[in-house]
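Inside the fold
So you can see what is in the structure, the chains are spelled out below.
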Amino acid sequence: MRQLEAFCAVIDHQTVTGAAHAMRLSQPAVSKLVATLEQDTRLALFRRDRRRLIPTEEGLILHRQAQAIFDRLHDIERLSEELRNLAGGRLNVVTMMALGRTFLPDAMSAFLRERPAVVASLHVRSSRTVVDQIAAQQADLGFTMLASDDPGVSARVLCRLKGVCVLPPAHPLAASPVIRARDLDGERFISFSLDSSMRRRIDEVFEREGVARQLMVDAYVSAAACSFVANGMGVAIVEPFTAWDFARSGQVVSRPFEPEVVFEFRMLRPAGRPPSLLAEAFAAQVERMLAEHVRRTGAETVTVPADVRAATEHSRRRIAP
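Read on for a plain summary of the structure. (Residues numbered from 1 in each chain as written. Predicted model: local features only at pLDDT ≥ 70, side-chain atom pairs only at ≥ 80, totals over all residues. Heavy atoms only, no water.)

We now examine the overall build of the protein chain. Looking only at helices and strands, the protein chain has 12 helices and 13 strands in total. A compact globule built from 321 residues should have a C-alpha radius of gyration of about 20 Å, whereas the protein chain, at 31 Å, is more than 25% larger. Across its three principal directions, the C-alpha atoms of the protein chain cover 105 × 40 × 30 Å. Put simply, the protein chain has 321 residues, and 44% of those count as buried. For the protein chain, restricting intrachain contacts to residue pairs at least 6 apart in sequence, the fraction spanning at least 24 positions comes to 74%. Of the accessible surface of the protein chain, which amounts to about 16900 Å², a share of 51% is contributed by carbon and sulfur atoms. With 42 positive and 38 negative side-chain charges, the protein chain shows a separation of 5 Å between the mean positions of the two kinds. (Helix = DSSP H or I, 4+ residues; strand = E, 2+ residues; numbered from the N terminus. Rg over C-alpha atoms; globule rule 2.2 N^0.38 Å. Buried < 20%, exposed > 50% of the residue type's maximum accessible area, 1.4 Å probe, protein only. Contact = heavy atoms within 4.5 Å. Areas by Shrake-Rupley, 256 points an atom, 1.4 Å probe, with all protein chains shown as cover. Lys, Arg positive; Asp, Glu negative; His and termini not counted. Charge placed at Lys NZ, Arg CZ, Asp CG, Glu CD.)

See the structure below:
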């Protein structure tokens, strides 16, 4: 590369003297670099006309190619600086609907406004698909409520929140400060899908309380359940973020529910692959903004047990760069 640099400098400055000055080398040093390049390539790169060096056709061709190489090197230097400063690169995120509806688009927008050269993608998928894509290393970060023991996934518990009861605004129970399971005896109820872990968890609560509901509709995600409630189809137990989205527009009323139903939010990363600086920075921003989102929405948190904290710390170590 030093030979090529000297060779290009001689052509660009038209004299060895000019090239030596530009490279801060002596004239003999520049002449030697050019001579060794000719020896290594076995090409005559210049014609000597008295004191002038005139590039040969082969020399001009090599000069064009060398310039392209140097331009590419400058691009790499610029890209390296952008990556160090988190100003460039690519970020791929996959998430469940609960965070993908408004929270993550807001968080990613704030992140990208400070990094206009970053290319990002945010895909909303089922919780199962989120886990699968992270395990397959198809995304940098994933967000889900689904627990996974897949060895290809490192998980962190971000927060554990109490579920809420959402009701139509005109529902007789909408004036109650707290909705208890027994209050919903005989009520039309919007459930989650039969294969959902949250469906099983919610059903267990009502079974323990001996409460019979009218199961009207199965919904796949909280947003769909809230939409059914807004249309007067029944009541539902959902995570507080989506409930807040619907309640602030007046479509539903959200109330605390007892006994508690816990919704656990997790951040996933591919195991065995060091996270990029960009992914680390975005993950940190998500955690900061999520804490504020919990406060803003009034969501009630649940203390993480010691064994969960230990598992979380283990996951931290596995994904540490």
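The next subject is the nonpolar core. The biggest cluster of nonpolar side chains holds 60 residues, and the ones touching the most others in it are Leu184, Phe257 and Phe265. Considering each element in turn, this core owes the most residues, 8 residues, to helix H11 (residues 277–297). With residues up to four places along the chain from it excluded, the contact list for Phe265 reads Met96, Ala98, Leu99, Thr144, Met145, Arg156, Val157, Leu158, Cys159, Leu161, Glu239 and Phe241. Cys8, Ala9, Ala20 and Leu37 belong to the second-largest nonpolar core, a separate cluster that totals 19 residues. (Core = buried A, V, L, I, M, F, W, Y, C linked by side-chain atoms within 4.5 Å.)

Moving on, we come to the packing of aromatic side chains. Under the definition given, this model contains 5 aromatic pairs. On the numbers, 5.2 Å between centres and 70° between planes, the contact of Phe111 with Phe282 is edge-to-face. One end of the pair, Phe111, is in helix H6 (residues 103–113); the other, Phe282, is in helix H11, with 171 residues separating them in the sequence. The same class applies to Phe111 as to Phe282, namely buried. Every member of this aromatic cluster is reached through a ring pair, and the members are Phe189, Phe206 and Phe257. Directly above the ring of Phe111 sits Arg115, whose terminal nitrogen or CZ lies 3.9 Å from the centroid. Above the face of the Phe189 ring, Arg213 is positioned so that its terminal group lies 4.6 Å from the ring centre. (Phe/Tyr/Trp six-rings, centres within 6.5 Å; stacked < 30°, edge-to-face > 60°. Lys NZ or Arg CZ within 6 Å of the ring centre and 35° of its normal.)

A few words now on the side chain of Glu239. Looking at the secondary structure, you find Glu239 in the loop between strand E11 (236–238) and helix H10 (240–248). Of the side chains with opposite charge, Arg101 comes closest to the buried, unpaired Glu239, at an N-O distance of 8.1 Å. Within the structure, the side chain of Glu239 is placed 3.2 Å from the side chain of Ser222, a separation counted as a polar contact. (Salt bridge = Lys/Arg side-chain N within 4 Å of Asp/Glu carboxyl O. Polar contact = N/O pair within 3.5 Å; in protein donor to acceptor, adjacent residues only side chain to side chain.)

Now for the pairing of strand E9 (residues 188–192). Most of E9 is tucked away, with 4 of its 5 residues classed as buried. As judged from the 5 bridges shared by E9 and strand E10 (residues 214–219), these two strands associate in the parallel manner. Of the residues in E10, the one forming a bridge with Ile190 is Val217. For the crossover from E9 across helix H8 (residues 197–209) to E10, the handedness is right-handed. (Pairing = 2+ DSSP bridges. Right-handed = clockwise from strand over helix to strand, strands pointing away.)

The next thing to look at is the pattern of salt bridges. Considering all chains together, one arrives at 18 salt bridges under this definition. Here Arg269 makes a salt bridge to Glu280, at a shortest N to O gap of 2.0 Å. Linking Arg269 in strand E13 (residues 262–270) with Glu280 in helix H11, this pair joins segments that are 11 residues apart in sequence. Residue classification places Arg269 among the buried positions, given a relative accessible area of 8%. A salt bridge links Glu292 to Arg295; its shortest N-O distance comes to 2.9 Å. Of this pair, Glu292 and Arg295 are both found in helix H11, 3 residues apart, which corresponds to roughly one turn of the helix. For Arg295, a relative accessible area of 57% translates into the label exposed.

Our next topic: the sheet that holds E11. Backbone-to-backbone hydrogen bonds pair the strands of a sheet. The strands run either parallel or antiparallel. Read across the open sheet, the 4 strands follow the order E8-E12-E7-E11; overall the sheet is mixed. What marks the edges here is a single partner per strand, and that holds for strand E8 (179–180) and E11. Where helix H9 (residues 222–230) meets the sheet, its contacts fall on strand E7 (164–167) and E11, and the angle it forms with E11 comes to roughly 150°. Along the sheet face, H10 touches E7, E11 and strand E12 (253–258) and points at about 30° away from the line of E7. (Axes fitted to C-alpha atoms, helices over the stretch in contact; angles between N-to-C directions.)

In this section: unusual backbone geometry. One can expect most non-glycine residues to show negative phi and most peptide bonds to be in trans. At the junction of Glu258 and Pro259, the peptide bond is cis and its omega measures out at -5° in the coordinates. Here Pro259 lies in the loop between E12 and E13. A positive phi angle, near 70°, is found at Gln14, a position not held by glycine. Within the element layout of this structure, Gln14 appears in the loop between helix H1 (2–13) and helix H2 (16–23). The class of Gln14 is exposed, set by a relative accessible area of 64%. Phi is positive for Arg24, close to 60°, though the residue is something other than glycine. Classification of Arg24 by relative accessible area gives exposed; the value is 80%.

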